[in-house]
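# Commentary on secondary and tertiary structure
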Amino acid sequence: MSIAITSLNSAIERLLAVQAHRPGSVHRLTRSETFAGGKGVNVARVLTQLAAARPDTAEPVPAPLLLGLAGGPTGRLFEELLATEHLAAALVPTSGATRVCEVLVDLSDPAGATVYNASGPQVEHPELEALEGLFTQTLAKSEALVCTGSIPPGVPADQYAHWITQARDQGILSVLDAHGEVLALGAAAIPDVVKVNREELSSLGAGDPADRARGWLDAGIRCVVITDGDRPARAFTADTEYEVVAPQVPVRSAVGSGDAFCAGLVHSLLGAPQAGWAAHLRTAAACGASNAAGTTAGLASSHPPAALLPRVTVRESALRSARPPAPRATGTSG
C-alpha cells in the first residue's frame, strides 16, 4: 500500500541563497543547489523523513508514491533527483519539458524568500489518458490520496475533484491543498481534509474564512485547515474550532512549510487514527516549524518535529452554527 501524492506539475527547483538581495545588482551566491521540486515532492519528502524518524506509530504508515508527469531533459533530471532521495514515483512521460522554478533566499530576511514558479508544459490528450489509467492502478493500492500543487496547461481544472470522488467512493482518505478554481472544484468533491493557506483561500474571493470553512464542513468535509505564515493556523471540524500556535524557531526559509504541515497531518491521521484532531494538528504544526528552520524544503535536523512537539499550543473552542456533516463513505478516522 502507499500514500498517493500528486505531482502533476513536477519541477526542477533551483535554490539560490544570497547574503542580501539587492534588485539590479550582481550577487555572489552563498549557496546554490538543485532539487526535485513541487508541492507533492515536498510532502513526499517529509513523509519519508517522518517514517525514518518515527517508525513505531500505532498503525503502519505507508510509503509515499508520487503520481504525475515528467518530460524532456529536465524530466529525466527530475527522476534522477527523486532517486537520490529514494522518493518513489509513477510518472507519465510528456512531450513538453518539466518546468524549472527558482527559490531566492535572502539570508538577511529568510522569512521573505522569493519564489519564481514556471507554469509548466502543455499536456496532450494521450498523456492525460495515460495518467488516468496510472491513477486508477495507483489508487487501488493506496491508503490515502493527497491532491496538492498546481496543474499544468492542458489538465482540466476538475482533475483533482474527479480523483477525490474516486477516493471517496472507495473509502480512501483524501486531502486537498490547491488554489483558485482547482481548489473550489476539488472542495466541492468533498475530500476528508482541505488544507489551504490564507492566500489560497483568498483566491476564492472575499469573505470570512470561517464562514467558508463552515460551508465546506456542512457539505461533508471533515476538517478544514487554514495556515497563515508565522501566525497561528486555524482548523475547523464539525463542532470545534482550533487555534494552532507553532513554536518559535530561527527561520532560515519558510518555503515548503505548508507542505510539511500537510505531510505531518497525513502521517498522524494514518499512524495514530484515534489520536484526535488536536494531536493531528500538533504533529502538523511541529513539522511546519521544523521545515522553516532549514534552508531547503524538508525537516531540519537541527529542529526535529519530536523536539518541537511539546512546544506546540492547540486551543479549542466550540464552532458556532455548526451542523452535522453529511454522510460519507467509511474512511480513516481521526
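We now turn to the structure provided with this report. What you are looking at is a predicted structure, and each value in this text was computed from that prediction instead of being measured. Here, residues in each chain are numbered from 1, in the same order as that chain's written sequence. Two thresholds apply to this predicted model, a pLDDT of at least 70 for residue-level local features and 80 or more for giving and counting side-chain atom pairs, whereas whole-chain, interface and lining totals are computed over all residues. Excluding hydrogens and water, the side-chain figures rest on all heavy atoms present in the structure.

## Describing unusual backbone geometry
Stated precisely, the cut-off is as follows: Helix numbering and strand numbering both begin at the N terminus, where a helix is a DSSP run of H or I of at least 4 residues and a strand a DSSP run of E of at least 2.
Backbone geometry places His-86, a non-glycine residue, at a positive phi of 60°. Unusually for a residue other than glycine, Ile-190 sits at a positive phi of about 65°. For Ile-190, the position within the fold is in the loop between α5 (180–188) and β10 (193–197).

## As for the layout of surface pockets
Which entries qualify depends on this criterion: Two kinds of site are reported from a 1 Å grid over the protein atoms alone, namely cavities, where a 1.4 Å probe fits but cannot get out, and pockets, open sets with protein on both sides within 12 Å along at least five of seven lines, and residues are called lining when an atom falls within 4 Å of a point. Grid points are joined across faces, edges and corners, and a volume is the space filled by probe spheres set on the points. Three classes are used: nonpolar for Ala, Val, Leu, Ile, Met, Phe, Trp, Tyr, Cys and Pro, charged for Asp, Glu, Lys and Arg, and polar for all others, with Gly counted as polar.
When its volume is computed, the second largest pocket comes out at roughly 150 Å³. Taken together, Arg-54, Asp-56, Thr-57, His-267, Ser-268, Gly-271, Ala-272, Ala-275, Ala-279, Arg-282, Thr-283 and Leu-309 form the lining of the second largest pocket. Of all the elements in the fold, those that place two or more residues in the lining of the second largest pocket are α8 (257–271) and α9 (277–292). For the lining of the second largest pocket, the residue count by class is 4 nonpolar, 5 polar and 3 charged.

## Here we look at the pattern of salt bridges
To keep things clear, this is the line we draw: When a carboxyl oxygen of Asp or Glu lies within 4 Å of a side-chain nitrogen of Lys or Arg, that pair is called a salt bridge.
For the structure on display, the rule yields 12 salt bridges. Between Glu-33 and Arg-31 there is a salt bridge, with its nearest N and O atoms 2.3 Å apart. Among the ionic pairs, Arg-198 bridges to Asp-228, the shortest N-O distance being 3.3 Å. Here the residue Arg-198 occupies a position in helix α6 (residues 198–202), and Asp-228 occupies one in strand β11 (residues 223–228), the gap between them amounting to 30 residues.

## Here's the deal with the sheet that holds strand β8 (residues 142–148)
The line we're drawing: DSSP-based pairing: two strands are paired if at least 2 bridges between them are found. Orientation is described by lines fitted to C-alpha atoms, with helices fitted over the stretch in contact, and by angles between N-to-C directions that extend from 0 to 180 degrees. When checking whether two residues touch, look at their non-hydrogen atoms; a contact exists if any pair is within 4.5 Å.
Here 10 strands make up an open sheet; going across it, the order is β5-β4-β1-β8-β9-β10-β11-β12-β13-β14 and the pairing mixed. In this open sheet, the two strands that pair with only one neighbour each are β5 (89–94) and β14 (313–318). Averaged over neighbouring strand pairs, the angle between their axes works out to 15° when direction is ignored. With 5 bridges joining them, β10 and β11 adopt parallel strand pairing. For Val-196, the partnering residue across the bridge sits in β11 and is Ile-226. Contacts from helix α7 (residues 209–219) reach β10, β11 and β12 (231–236), with the element oriented near 155° to β11.

## What to know about the packing of aromatic side chains
The way to describe two aromatic rings as a pair is by their centre distance and the angle between their planes. Using the following cut-off: Two rings from Phe, Tyr or Trp (for Trp, the six-membered ring) form a pair when their centres sit within 6.5 Å of each other. Planes less than 30 degrees apart are called stacked, planes more than 60 degrees apart edge-to-face, and all others tilted. Any residue under 20% of the maximum accessible area for its type is buried, any over 50% is exposed, and the rest in between are partly exposed; the area is computed with a 1.4 Å probe on protein chains only.
All chains considered together, the criterion is met by 1 aromatic pair. When the ring of Phe-135 is compared with that of Trp-163, the centres are 4.2 Å apart and the planes differ by 5°; the resulting orientation is stacked. Highlighted residues: Phe-135 in helix α3 (residues 125–139) and Trp-163 in helix α4 (residues 159–169), separated in sequence by 28 residues. Phe-135 gets classed as buried once you look at its relative accessible area, which sits at 1%.

That is the geometry; function is a separate question.
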